[in-house]
Amino acid sequence: MQAIGANQGDTDPGEVSFLITRKELAHDTSLLAVEGDLDLASAPSLKWALADVQSAESRHVVVDLSGVGFIDSTALGVLVGAQRALDPGVRLAVACTDENVLRIFELTGLDGMFEIVPTLQDALGFVQGSTTAAG
Amino acid sequence: MARRSGVLKTFAPPASLALALCILIALAVLFEPAAADSAAQPAPAPTEAGASGEAGAERSASTRKAERLARRSERAAEANGTPAKSEEAGSGAATGTPRAGTDASSKATRRAERAERAADRAARKAAGSSGKTGVKNSSRAATGSPAASKGSSERSREERRRAHEEERKKSGRESYKEKKARLAREAVEAAALAAAGSNEGAALQTATAAANGLAASSPEARAAAETPPVLAGEHAVRTTKPRRPGAGSKQLRRTGNAAAGGSFALTSAAAGAAVRNSGANLPAHAPRAAHRAPPAKSSPLVTTVTRIIGVIPTSVWLLIGVLALAALAFATTSRLAAGRVRRLDRQRRELLEDVGLLQGALLPELPARLGPVTTTAAYRPASGPGAGGDFYDVFALPEGLVAVIVGDVSGHGREALPHTTLLRYTLRAYLEAGLGPREALRAAAPALERQLGESFATVVLATWDPRERLLSYSCAGHPHPLLSGLDPNAPIIACSAPPIGAGRPTGTRQTVLSVPGGAVAAFYTDGVIEARTGGELYGTQRLSDTLRELERDAEATTAAALLDRVREQTDRRPDDMAACLLGISGGEGRPVIVSEEIELDGREAGSARTRRFLLAAGVAPGEIDRVLASARAIAADHGNALLQISRGEGSPRLTLTHDNVAPLRARALARTQEVAL
């Protein structure tokens, strides 16, 4: 894993700081590691980071929400938009273990829309496997 | 308006500063010519001349000019037939008048006066330069005058007056103020010169004699001449005090001029010496004379300002120019900024009016009671960029049913508002058409999704059937309603339906509750449970507790009271909060979930979340595979399968059918095709 992407940070007006780090998980997979709360203030940063990854080339995306304690409807909307904008054959996986975030996904019925897995390995396996299946 | 005035206040200091600077510049521009005059021409009073005479730089220039003027006066004297020597020019001018005939005298007088004035100017100019010899000359010049003027009579006085009248007509109208100023100035000069003369015995005597001789026709002048020599100058000044100076004072002025002109025209630098020599007397007389002179031009303030401006160096003028430009720039910027502020303020008001209008359409006035149900609703917009997007509606349906719609559109502000309207009326129409909550969502979602664009919306639809005492609700990505007396975790969260616009079929879940007794059903948006108390989410459990507390007073159990309580208990509310409360009357008896409904397509029928749902619904793990296999089979035939789980006493009862909305849409589609044909 080599960090080649620039850090894209933002500061939450509240007490929690927010940070998105881009890394390359594999030759065809980018990882966006999010730390802090994903809300109205930080959602735009996630949106630009996702757009940056998606616009570059046909790369799989893994969004690591392990460091996220809360995600609001605006940030969920960003993820939904990214999911719907995926090129054919490209997959997006969400790595998440936080109970609150998992419950929010479940409450909003969006858990059925994303591949939500507990670890990065699972996420990589999912996107790589789907690539193999597609290829 | 208070806000607006505050904004304007912010811009006031630069504007006022710029204004002050502009005024300063205007003053500077006004006084600039005066300063130039004061530099090029002699100062108005001998005291000034004395002061400037001490400035060595100006001395040579003024001396040159004085010489020039002296030459001119010589020429004037020659023209008048008097000796070429300027020493005698003054006396010639003064003495020529009485000797000349009645006709020729006025012409001679005019010439003499011109010579006098030229000499006067020269004297004032030369006041700065020194020359001891001037004193002697002055006395000699003055000596000539009295002898010549001794014979002046009443007739010569008349002639002089006429000559003066003519001169005035010829030279054009002179304003009263100017005249007064000039008179005062000349009187002061006369006084000073007289005083100067008093220092030198001979000069004093001749000056007095000159006044006596030349202006004998005027009683005031005579009086002045009779006064003790030291006070002669002062008295002469006093005579100019009347607002309309009489002939006497004019005569006196001429006397002074003649004396001064006669004395100083010759060597041009004499006056300076005279003034300097009379330094002891001058301060005593001249300032007083200046104070007594009524005109504004010679007021000490103007004099001081003029003097200050006169000594301002070029670099300071440049600086003032730069400052003036800066002031102009600041004023322009300030004006532009103020205009922009006004424009933005107006736009903001317009926007708020627009939002207000839309908000009025979105948030309807609810009837306090719909049949046996009390209804209250409240909306608290977020005080930031998160404002806008929440909506609700409560209305009566046929057969006594009450319908509730509460939702939240993603995105905020103005762009979200049209979507809230669209959702509210579209969903209401489907409910009015007789569909149940889930069916209405299922049928409306595809149409709404097309119109929402990239936005999506979470919504809960509910109907209350008072006869069956059943509350049915269906959520699309929206929090489940809370019911007093029901565990907030009782509704099955697993396999919730996604929001409208997420690209997935929604309206796939419905929950039916039996409400046998009195209860309060609270519908709300996620802004309520996502409000923060010190970084922690408010959550459904706290909201449920707050609702239970409120319920102790049935009258106070309103949506507004609920949201106010939430506001009291939270410190950060980043999203809108909306709540809608149904007060269901009745006796005892807790609400209970009687059925859960889920629509499954082929993919969902095999997913992990469906298994979680079935487990949560109380389906035995061993039965799950069999149920899912049957669902897949039905979905394969009809596109989807509808699973109803009745949760009464004992084990749940499962019913598998196919979706009842699909035939509805098929019928609609068939009808559209018929129309097209």
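Along each chain, residues carry numbers from 1 onward, in the same order as the chain's sequence is written. Whichever chain is written first becomes A and whichever ligand is written first becomes 1, with later ones labelled in order. A pLDDT threshold of at least 70 governs which residues receive local features in this predicted model, and a stricter bar of 80 or more applies before side-chain atom pairs are shown or counted, although totals over entire chains, interfaces and linings include all residues. Processing note: side-chain calculations cover all non-hydrogen atoms of the structure and skip hydrogens and water entirely.

All names here are of chain B. Helix and strand definitions here come from DSSP, where helices need a minimum of 4 consecutive H or I residues and strands a minimum of 2 consecutive E residues; each element is numbered from the N-terminal end. Expected span of a helix: the number of residues minus one, times 1.5 Å. With 18 residues, helix H23 (residues 621-638) should cover 26 Å at 1.5 Å per step; its first-to-last C-alpha distance of 26 Å lies within 8% of that length. Relative accessibility under 20% of the residue-type maximum defines a buried residue, over 50% an exposed one, and the middle range a partly exposed one, all with a 1.4 Å probe and only protein chains included. Of the positions making up H23, those classed as buried are Ile624, Val627, Leu628, Ala631, Ile634 and Ala635. One side of H23 holds all its buried residues, which, seen down the axis, span an arc of 125°. Seen from the open side of H23, the exposed residues pointing more than 90 degrees away from its buried face are Gly622, Arg626, Ala636 and Asp637. Summarising the contacts, the buried residues of H23 are in contact with strand S13 (592-600), helix H22 (608-616), strand S14 (641-646) and strand S15 (653-657). Once H23 ends, the next one or two residues include Gly639, with phi positive near 95°. In this context, the arc is that of the directions from the helix axis out to the C-beta atoms. Pairs of residues are marked as contacts when any of their non-hydrogen atoms sit within 4.5 Å.

Next up on the list: the interface of chain B and chain A. Of the residues lining the interface, 30 residues belong to chain B; the matching set on chain A comes to 23 residues. What gets called buried area is simply the loss in accessible area from a 1.4 Å probe that two parts show on being joined, summed for both. Here chain B and chain A share an interface that buries about 2,100 Å² over both sides, 51% of which is from carbon and sulfur atoms. Throughout this description, the term salt bridge denotes a Lys or Arg side-chain nitrogen within 4 Å of a carboxyl oxygen of Asp or Glu. Viewed at the interface, chain A and chain B are joined by 6 salt bridges. Asp111(A) is the partner of Arg609(B) in a salt bridge, and the nearest nitrogen-oxygen pair spans 3.0 Å. Under this definition, polar contacts are N or O atom pairs within 3.5 Å; protein pairs additionally need one hydrogen-donor-capable and one acceptor-capable atom, and for neighbouring residues in sequence, both atoms have to be side-chain atoms. On inspection of chain B and its partner chain A, the count reaches 8 residue pairs in polar contact (both at pLDDT 80 or more). Here the nonpolar group is Ala, Val, Leu, Ile, Met, Phe, Trp, Tyr, Cys and Pro; Asp, Glu, Lys and Arg are the charged ones; every other residue, Gly included, is treated as polar. Looking at the side of chain B that touches chain A, its residues break down into 10 nonpolar, 10 polar and 10 charged.

Only Phe, Tyr and Trp rings are paired, with Trp represented by its six-membered ring, and only when their centres lie within 6.5 Å; those with planes under 30 degrees apart are stacked, over 60 edge-to-face, the remainder tilted. A full pass over the atoms with the stated rule returns 1 aromatic pair over all chains. Between Phe105(A) and Phe114(A) the ring centres are 5.8 Å apart and the planes differ by 80°, which places this aromatic pair in the edge-to-face class. Per residue, the accessibility class of Phe105(A) equals that of Phe114(A), and both read buried. Positioned over the ring face of Phe395(B) is Arg428(B), at 4.2 Å from the centre of the ring. Geometrically, a lysine NZ or arginine CZ counts as sitting over a ring once it is within 6 Å of the ring centre and also within 35 degrees of the ring normal.

Before going further, it helps to spend a moment on the side chain of Glu597(B). Residues and elements named next belong to chain B. With respect to the element layout, Glu597 can be found in strand S13. Under the relative-accessibility criterion, Glu597 is labelled buried at 8%. Separated by 2.8 Å, the side chains of Glu597 and Arg438 make a polar contact. A polar contact of 2.7 Å, which involves the side chain of Glu597, links it to the side chain of Gln644. If sequence neighbours within four positions are ignored, Glu597 has contacts with Arg438, Thr508, Arg509, Gln510, Leu642, Leu643 and Gln644.

Further remarks concern the pattern of salt bridges. All names here are of chain B. Throughout the structure, instances matching the rule amount to 25 salt bridges over all chains. Across the salt bridge formed by Glu596 and Arg509, the nearest N and O atoms sit 3.0 Å from each other. A residue pair is termed long-range when its members are at least 10 positions apart, and Glu596 in strand S13 and Arg509 in strand S8 (residues 509-514) qualify at 87 residues. Relative accessible area serves as the criterion here: at 0%, Glu596 is assigned to the buried category. Across the salt bridge formed by Arg542 and Glu536, the nearest N and O atoms sit 3.2 Å from each other.

So, about H22(B). Residue and element names in this part refer to chain B. Turning to H22, its buried residues are Arg609, Thr610, Phe613 and Leu614. Down the axis, H22 shows its buried residues gathered within 140° of arc, on one side only. Those residues of H22 hidden inside the fold are in contact with S8, S13, H23 and S14. Directly beyond the C-terminal end of H22, a positive phi value near 95° is found at Gly618.

As far as function goes, none of this settles anything; it's purely spatial.
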